[in-house]
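Topology and contacts: notes
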Amino acid sequence: MAAASPRLAILLALLAASSALAAAQKAKAKPAAGPAGAADAAPPTDVNKALKDDQFSEFKQLLHDTRVDTQINAQLTDSYNGLTIFAPTNAAFDKLKAGVLNGLSPQNQIQLVLYCVLPRFYSLSMLGTLDGKVNTQGSGHDGPYKYDIKRAGNNVNVSTGVNSMLLGSPVSKDFPLAVYPVDKVPLPYELFGPKPPTPAPAPAPAPAKSKTKKKHKKSAGIAEPPVADDSTASDGADKKSAAAGLVGTRWVAAVGVVAAAVLGGLF
C-alpha cells in the first residue's frame, strides 16, 4: 500500500494537469465577448456605419438629406439579393462644377443618389465578370439608369456615358452590402448627357390655290355652233362701208349734173 501511494499521487497530478490544459485551450478558442465582438459578427445592415470614414461625409449628408439612407437600410434588413454602392469621396464632390447639385430638382437629386446603388450584392470578382449594361436603382421615364461595367486589368471600370471611374478597395465586402469608393461622382446620362436639339418650327401652310374652271368635254355626236372669225367679219364690214361710200359719191355727182342742166334751161 505504501508503494502504491506515490503512483496514485503521480496519476492524480497528471489528470489535474490535463484538465487544466484542456480548460486553457477552450478559453483561448472562445471568441471575445462584448460589443466589439458582436459588431464584427453582425452583417452590415446600416449604410451610415459602413461609410463611417470621414472621406464619405458629403455623400453621407446627401444620403441623409434625400432620405435614401433609410430606404437602403430597410432593403438591407429584408433583402435576399443585397446591395452594392459606388460611394463618391469628398474629393469626388470637389471635382464637380459649382451649382451642379443645387441645379437639380429634389426628385433628380434622389435619382442621382440612387444611381450610386446597384440592386444586388457584387464582390469585386463578380464585378470583374460583368461586361455591359448593369441596372441601378436610379430610374426615369425610360426605365432604370444603367452603368457600362467592364474589367480593366485587375480592377473594374465603370462608365456612365458622361464620366467613368475605377473602383477603390472595398470598405464593406460582406453580404448583404458591398461599398466601393470612387473618385468621381457618377453622373447619369439621362440627367447630365447632351440634350436633343429643339425641333424646328413647322413651316407655315402654303396659300390655297385659286380654283380654275373646268373645261367641259365635248359630247360625242353633237355639232358645235360655228364661231365667227373676227378677222373675216372685220373685212366684210370694211367692204360694205367702202361700197356705201362709192354709191353715195355717185349719187352726189348725178344730182349735180341734173341741177346744172335745170339751171342752164332757166337762163
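Since we're looking at a predicted model, the values are computed, not measured.

A tally of helices and strands in the protein yields ten helices and seven strands. Looking at the protein residue by residue over its 267 residues, the buried ones come to 25%. Sequence-distant contacts, at least 24 apart, represent 62% of the contacts inside the protein between residues at least 6 apart.

Along the chain, Thr84 falls in strand 1 (residues 83-88). Reaching out from Thr84, the side chain makes a polar contact with the backbone nitrogen of Tyr122 at a distance of 2.7 Å. Setting aside residues up to four positions removed in sequence, Thr84 forms contacts with Cys116, Val117, Leu118, Arg120, Phe121, Tyr122, Ala178 and Tyr180.

Attention now moves to the packing of helix 4 (residues 57-66) against helix 5 (residues 68-77). How two helices pack is summed up by the angle between their axes together with the distance between the axes. Viewed as axis vectors pointing N to C, helix 4 and helix 5 meet at an angle of 90 degrees, and their least axial separation amounts to 5 Å. Relative to helix 5, helix 4 is oriented roughly perpendicular. On helix 5, the residues that touch Leu63, His64 and Thr66 of helix 4 are Val68, Asp69 and Ile72. Of the residues that constitute the contact of helix 4 with helix 5, the class distribution is three nonpolar, two polar and one charged.

The strand order across the open sheet built from three strands is 2-1-7, with neighbouring strands paired in mixed fashion. Pairing within the sheet leaves two strands with one partner each, and these edge strands are strand 2 (117-118) and strand 7 (177-182). Alignment of strand 1 against strand 2, held across two bridges, turns out to be antiparallel. Along strand 2, the bridge assignment pairs Ile85 with Val117. Sheet strands touched by helix 5: strand 1, strand 2 and strand 7. Its angle to strand 1, the strand with the most contacts, is close to 150 degrees.

Turning our attention to the environment of Leu83. Along the chain, Leu83 falls in strand 1. Exposure remark for Leu83: the relative accessible area of 1% places this residue in the buried category. Separated by 36 residues in the primary sequence, Leu83 and Pro119 place their C-alpha atoms 5.2 Å from one another. Among all residues touching Leu83, those that are not within four sequence positions of it are Ile72, Gln75, Leu76, Val117, Leu118, Pro119, Arg120, Phe121, Gln137, Pro176, Leu177 and Ala178.

The next thing to look at is the side chain of Gln111. Position of Gln111 among the secondary structure elements: in helix 7 (residues 106-114). Owing to a relative accessible area of 8%, Gln111 belongs among the buried residues under this scheme. At 2.8 Å, the side chain of Gln111 and the backbone nitrogen of Ser139 are in polar contact. Contact partners of Gln111, with chain neighbours within four places excluded, come to Gln137, Gly138, Ser139 and Tyr145.

Let us now look at helix 5. For helix 5, the set of buried residues is Val68, Asp69, Ile72, Asn73 and Leu76. End-on, the buried residues of helix 5 take up no more than an arc of 135 degrees, which puts them together on one face. Among the exposed residues of helix 5, those oriented more than 90 degrees off its buried face are Thr70 and Thr77. Where helix 5 is buried, its residues touch helix 3 (47-50), helix 4, strand 1, helix 7, strand 2 and strand 7.

So, on to helix 7. The periodicity of an α-helix, 3.6 residues per turn, causes residues three or four positions apart to be oriented the same way. Of the residues making up helix 7, those classed as buried are Gln111, Leu112, Val113 and Leu114. Its buried side turned inward, helix 7 meets helix 4, helix 5, strand 2, strand 3 (132-140), strand 4 (143-152) and helix 9 (189-192).

Take the packing of helix 4 against helix 7 next. Their axes nearest at 10 Å, the elements helix 4 and helix 7 cross at an angle of 130 degrees. With respect to helix 7, the axis of helix 4 lies oblique. Both helix 4 and helix 7 take part in a crossing whose hand is left-handed. Seen from helix 4, the contacting residues are Phe59, Leu62, Leu63 and Thr66; seen from helix 7, they are Gln109, Ile110 and Val113. Of the residues in the contact of helix 4 with helix 7, the class split is five nonpolar, two polar and no charged.

The element strand 7 is largely enclosed, with a buried count of six among its six residues. Neither face of strand 7 is open: one carries Leu177, Val179 and Pro181, the other Ala178, Tyr180 and Val182, and all of them are buried. Across six bridges, strand 1 lies against strand 7 in parallel orientation. Within strand 7, the residue paired with Ile85 across the bridge is Val179.

Glancing now at the confidence of the model for the protein. For the protein, the average pLDDT comes to 79, and 63% of its residues sit at 70 or higher. Contacts for the low-pLDDT stretch residues 29-39, under 50 throughout, to residues beyond four places or in other chains number one contact.

About the cut-offs
- Residues numbered from 1 in each chain as written.
- Predicted model: local features only at pLDDT ≥ 70, side-chain atom pairs only at ≥ 80, totals over all residues.
- Heavy atoms only, no water.
- Helix = DSSP H or I, 4+ residues; strand = E, 2+ residues; numbered from the N terminus.
- Buried < 20%, exposed > 50% of the residue type's maximum accessible area, 1.4 Å probe, protein only.
- Contact = heavy atoms within 4.5 Å.
- Polar contact = N/O pair within 3.5 Å; in protein donor to acceptor, adjacent residues only side chain to side chain.
- Axes fitted to C-alpha atoms, helices over the stretch in contact; angles between N-to-C directions.
- Parallel < 35°, antiparallel > 145°, perpendicular 65-115°, else oblique.
- Nonpolar A, V, L, I, M, F, W, Y, C, P; charged D, E, K, R; others polar.
- Pairing = 2+ DSSP bridges.
- Arc of directions from axis to C-beta.
- Left-handed = near helix turned anticlockwise from the far one by under 90°.
- pLDDT = per-residue confidence, 0-100.

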